[in-house]
Amino acid sequence: MELTLEQLRQYDGTDSSKPVYLAVRGRIFDVTTGKSFYGPGGPYAVFAGKDASRALAKMSKNEEDVIASLDGLSDKEIGVLNDWEKKFEAKYPIVGRVVS
């Protein structure tokens, strides 16, 4: 499945008939089984329906960091992102990718 960032927003957990998705480095993960974390009211709901790469790298839940851009990140932050990516790969299925 290929989704634009705009289409990905539909999968933020606000529509209970749809799965909850988030993307890391353009790969879309189905995090529906973690809905208590990523769904509305969850501690990581800000990531749902978006590419959260930068925010994960910076360990930030600030809305302005929940973007795909990795520009200007330190080696340490890229390492943090790599660790997050491995955790998502181990726990959630990859269902597609983000396209422009």
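Check the entry above for the structure.
Everything quoted here is computed from the prediction, not taken from an experiment. Residue numbers run consecutively from 1 along every chain, following the written order of its sequence. Where totals are concerned, whole chains, interfaces and linings use all residues; where local detail is concerned, this predicted model gives features only for residues with pLDDT of at least 70, and gives and counts side-chain atom pairs only at 80 or more. Here the side-chain values reflect all heavy atoms present in the structure, with hydrogen atoms and water set aside.

Peer 1: Can you explain the nonpolar core? Please cite residues and give values.
Peer 2: For soluble globular proteins, the rule of thumb is that nonpolar side chains tend to be buried together. The nonpolar core is taken to be a set of buried Ala, Val, Leu, Ile, Met, Phe, Trp, Tyr and Cys residues, with the residues joined through side-chain atoms within 4.5 Å. Note on classification: 1.4 Å probe, protein chains only; a residue is buried when its accessible area is under 20% of the maximum for its type, exposed when over 50%, partly exposed between these limits. Ranked by internal contacts, the top residues of the largest apolar core, which has 18 residues, are Leu22, Val24, Val31, Tyr38, Phe47, Leu56 and Phe88. Counting from the N terminus, the helices are the DSSP runs of H or I reaching at least four residues and the strands are the DSSP runs of E reaching at least two. If one sorts the elements of this core by residue count, helix α3 (residues 53–58) sits on top with three residues. It only takes one pair of heavy atoms within 4.5 Å for two residues to be counted as in contact. Not counting residues up to four positions away in its chain, the partners in contact with Val24 are Phe29, Asp51, Ser53, Leu56, Leu81, Glu85 and Phe88. Counting seven residues, the second-largest nonpolar core is a separate cluster that includes Leu3, Leu8, Tyr11 and Ala23.

Peer 1: Describe in detail the sheet that holds strand β2 (residues 21–24), supporting the description with residues and values.
Peer 2: DSSP-based pairing: two strands are paired if at least 2 bridges between them are found. Strand order in the open sheet formed by four strands is β1-β4-β3-β2, and the pairing between neighbours is mixed. Two strands close off the open sheet at either side, each with one partner strand: β1 (2–3) and β2. Sheet analysis places strand β3 (residues 27–30) next to strand β4 (residues 94–98), joined by three bridges and oriented antiparallel. For Phe29, the partnering residue across the bridge sits in β4 and is Ile94.

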